[in-house]
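# Topology and contacts: notes
Here's the letter readout for the chains.
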Amino acid sequence: MSKAKLEYIWLDGYKPTQSLRSKTKVETDFGGTLEDCPEWAFDGSSTEQAEGNASDCLLKPVALFPDPDKVGTDNWLVMSEVLNADGTPHESSGRATIDDDDDGLREMRLTQLLHAGTGFDEVFDPGAHDLDGLNAADLDPVFQWLLHAGREAWREAGQPKARKSRIGVIAGNLGYPSRALSDFAADIWLEGTSPIHPQNRFNTGGPARLLARALGASGPAFALDAACASSLYAIKLACDRLQDRSLDITIAAAVNGADNLILHQGFSALNALSPTGRSRPFVEGADGLVPAEGAAAIVLKRLSDCDLADRVFGVIRGIGLSNDGRRKSLLAPDGDGQREAMAAAWAGSGLNPARDIGLLEAHATGTRTGDAVELAATAQHFAGLEDLPIGSLKGNLGHLITAAGMASLIKLTYAVNEGVIPPTRLDGDAISGFNGSPLTPARQGQWPQDRPRIAALSNFGFGGNNAHLILAADDGQRARKKPAKASQKPSHIAITATGLSLGPDRGIAAVMQRLMRPPKDPPRPLPPPPPHPTHP
């Protein structure tokens, strides 16, 4: 099975890991040369949630993204796109050396072209992962990508010390078959056997479990599928486990490596797939989303457990979740539900959305209805502000589905730490929803001095899964550590209600009535089974 090539990106100001190298030399617009560019890891940002509602977390992110050659279209918009300050593509955009003397290129930061030639096979070391005899080379990329991102994140976090049972892994991952599972199923159906390793059958929760095994973590390890909101749902659950002190360290991760045939057929059937292959969030005339692949992982730790020697890159001040799937339809976005997630995050943050924010990362995927509904809902929530920059990484990279939120969080990490506003790519005129709105498409610039280093991120998924996260720059202050209190005996849990549905009956009373009073006419007996065929 061929492995997808990956697009590696690097955030300005962060040192990439030196363990994985290629043969590319890139000169950057901010001065300096990167030779033998490695697989790009992000020394990234850190996160903490507010008191009572959220969790303080140390974050080390690592991200892997696909090579656009795989898509087969010149319009594939990836992180390597070079943008001018106003978000329009620079004329030199493409796979080329960046000339430091070109003033036009000095305006771009996040969306710098670095490297797109090295295949994942060249950087992935199967032997680096202790999987109790299982060879990682036999696994589908959905396993390998998460293993690699998680291991690199763990290493960059300094391999923090904790009891194995107090370390957990929570990952966002689609419940769709991977390519290996599809091929395995076809082999079994047609031939009765398959050369593909049977571990690939467990492509949804399996990657999270194997990552936990590779890291020696014996706490909870599982995957969830909240569609396009999966990243933030995974982070929320990870932070909850830190906040209730059932875990001391969590690895929150996300991966999108589903079988492309299944994924593209699904989006095409929903009329959500861009027929032109162009990912253009917030652009008039945009015609749909463009799926992307990749993985990212972050290591989370309570800020109260950190000391001055720990690298803390940011603070999650709140995460809010909501679901509106039963309001309009399973697929139709609902502005009220989206605002509910925003309100929940800000209510627990101790911050004022009309004052305490400098940058917003939208979910915007380039679908006409989705972008319009989100823009209107977001504008209403942040009413009272003026010219709040809003962007969407999907204009550069495409839609990473389950991993989209993790990639956007890395972008915001860069922004709040470096004090810059990364431009959002506008391949055309902005939609009319910006008229009279407190929001404006993000353009390259310095962080406004009159606004705190606080950013927010939205993810909205099919089924009405809504999530909103607030990220702040770390102020460097550390409270004196207090001795941990002995854990109290857990309270008993009471069952206060039940619900039951059985056949045509709804509710306990209807089901019990059928059980206690069976119908007068007994059901017709089933026909006898056909005779078993005999073979000569």
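In this report, the structure presented in the accompanying data block is examined. Source: prediction; values computed, not measured.

### Details of the pattern of salt bridges
Applying the stated criterion across every chain, the model contains 16 salt bridges. Its salt-bridge partner being Arg 355, residue Asp 356 comes within 2.8 Å of it at the nearest N-O pair. Here Lys 411 ties to Glu 361 by a salt bridge, and the two come within 2.8 Å at their closest N and O atoms. Taken together, the residues Lys 411 in helix α9 (residues 404–418) and Glu 361 in strand β12 (residues 359–361) connect sequence positions 50 residues apart. Accessibility classification places Lys 411 together with Glu 361 in one group, the buried group.

### Focus on unusual backbone geometry
Phi angles above zero are rare outside glycine, and Asn 271 is one such case at about 60°. For Asn 271, the position within the fold is in the loop between α5 (260–269) and β10 (294–301). For Ile 401, which is not glycine, the phi torsion reads 55° and is therefore positive. Its place among the elements puts Ile 401 in the loop between α8 (394–397) and α9. Overall, the relative accessible area of 2% leaves Ile 401 in the buried class.

### As for the sheet that holds strand β15 (residues 439–441)
Read across the open sheet, the six strands follow the order β11-β18-β17-β12-β13-β15; overall the sheet is mixed. Of all the strands in the sheet, just β11 (315–323) and β15 have a single pairing partner and so form its edges. Ignoring strand direction, the axes of neighbouring strands in this sheet form an average angle of 25°. With eight bridges connecting them, β11 and strand β18 (residues 465–472) associate as antiparallel partners. Its bridge partner lying in β18, Gly 320 is registered against His 468. Against the sheet, helix α7 (residues 368–381) engages β12, β13 (388–391), β15 and β17 (454–461), with an angle of about 135° to β15.

### Brief notes about helix α4 (residues 230–243)
Within an α-helix, residues lying three or four positions from one another point in the same direction, as the helix has 3.6 residues per turn. Between its terminal C-alpha atoms α4 stretches 20 Å, which fits the 20 Å expected from 14 residues at 1.5 Å a residue. Within α4, 11 of the 14 residues are buried, which leaves the element mostly enclosed by the surrounding structure. Among the residues of α4, Ser 230, Ser 231, Leu 232, Tyr 233, Ala 234, Ile 235, Lys 236, Ala 238, Cys 239, Asp 240 and Leu 242 are the ones counted as buried. Phi turns positive, to about 65°, at Arg 245, one or two residues after α4.

### What about the environment of Leu 393?
Note on placement: Leu 393 falls in the loop between β13 and α8. Placed 32 residues apart in sequence, Leu 393 and Glu 361 show a C-alpha to C-alpha distance of 7.8 Å.

### Section: the side chain of Lys 411
Overall, Lys 411 belongs to the buried group, its relative accessible area being 3%. Here Glu 361 takes part through its side chain, which lies 2.8 Å from a polar atom of the side chain of Lys 411.

### Observations regarding the pairing of β13
Burial of the side chains of β13 extends over both faces: Leu 388 and Ile 390 are buried on one face and Pro 389 and Gly 391 on the other. Inspection of the sheet shows β13 paired to β15 by three bridges, in the parallel sense. Across the sheet, Ile 390 pairs through a bridge with Pro 441, a residue of β15.

### Quick look at the packing of helix α1 (residues 141–156) against helix α3 (residues 206–215)
Interaxial distance between α1 and α3 falls to 9 Å at its minimum, and their mutual angle equals 40°. Both α1 and α3 take part in a crossing whose hand is right-handed. On α3, the residues touching Val 142, Phe 143, Leu 146, Leu 147, Gly 150, Arg 151 and Trp 154 of α1 are Gly 206, Pro 207, Ala 208, Leu 210, Leu 211, Ala 214 and Leu 215.

### Digging into the nonpolar core
In terms of nonpolar packing, the biggest core is built from 42 residues, with Ile 235, Leu 359 and Leu 469 touching the most fellow members. By residue number, the principal contributor to this core is α9, which donates nine residues. Other than its neighbours up to four places away in sequence, Leu 469 contacts Leu 232, Ile 235, Ile 316, Gly 318, Ile 319, Leu 409, Ala 455, Ala 456 and Leu 457. Formed by 33 residues, the second largest nonpolar core is a distinct cluster that contains Phe 124, Trp 145, Ile 249 and Ile 251.

### Details of the packing of aromatic side chains
Ring pairs (aromatic) are described by centroid distance and by the angle formed between their planes. All chains considered together, the criterion is met by three aromatic pairs. Between the aromatic rings of Phe 267 and Phe 462, the centroid separation amounts to 6.0 Å while the plane-to-plane angle is 50°, which identifies the pairing as tilted. With a gap of 195 residues between them, Phe 267 in helix α5 and Phe 462 in the loop between β17 and β18 connect regions that are remote in the sequence. When its relative accessible area of 31% is taken as the criterion, Phe 462 is described as partly exposed. Where Phe 282 meets Phe 434, the ring centres are 5.4 Å apart and the plane angle is 75°; that geometry is what we call edge-to-face. Of this pair, Phe 282 sits in the loop between α5 and β10 while Phe 434 sits in the loop between β14 (420–421) and β15, and the two are 152 residues apart along the sequence. Residue class for Phe 434 comes out buried when judged on its relative accessible area of 10%.

Rules behind the numbers
- Residues numbered from 1 in each chain as written.
- Predicted model: local features only at pLDDT ≥ 70, side-chain atom pairs only at ≥ 80, totals over all residues.
- Heavy atoms only, no water.
- Salt bridge = Lys/Arg side-chain N within 4 Å of Asp/Glu carboxyl O.
- Helix = DSSP H or I, 4+ residues; strand = E, 2+ residues; numbered from the N terminus.
- Buried < 20%, exposed > 50% of the residue type's maximum accessible area, 1.4 Å probe, protein only.
- Pairing = 2+ DSSP bridges.
- Axes fitted to C-alpha atoms, helices over the stretch in contact; angles between N-to-C directions.
- Contact = heavy atoms within 4.5 Å.
- Expected span 1.5 Å × (residues − 1).
- Polar contact = N/O pair within 3.5 Å; in protein donor to acceptor, adjacent residues only side chain to side chain.
- Left-handed = near helix turned anticlockwise from the far one by under 90°.
- Core = buried A, V, L, I, M, F, W, Y, C linked by side-chain atoms within 4.5 Å.
- Phe/Tyr/Trp six-rings, centres within 6.5 Å; stacked < 30°, edge-to-face > 60°.

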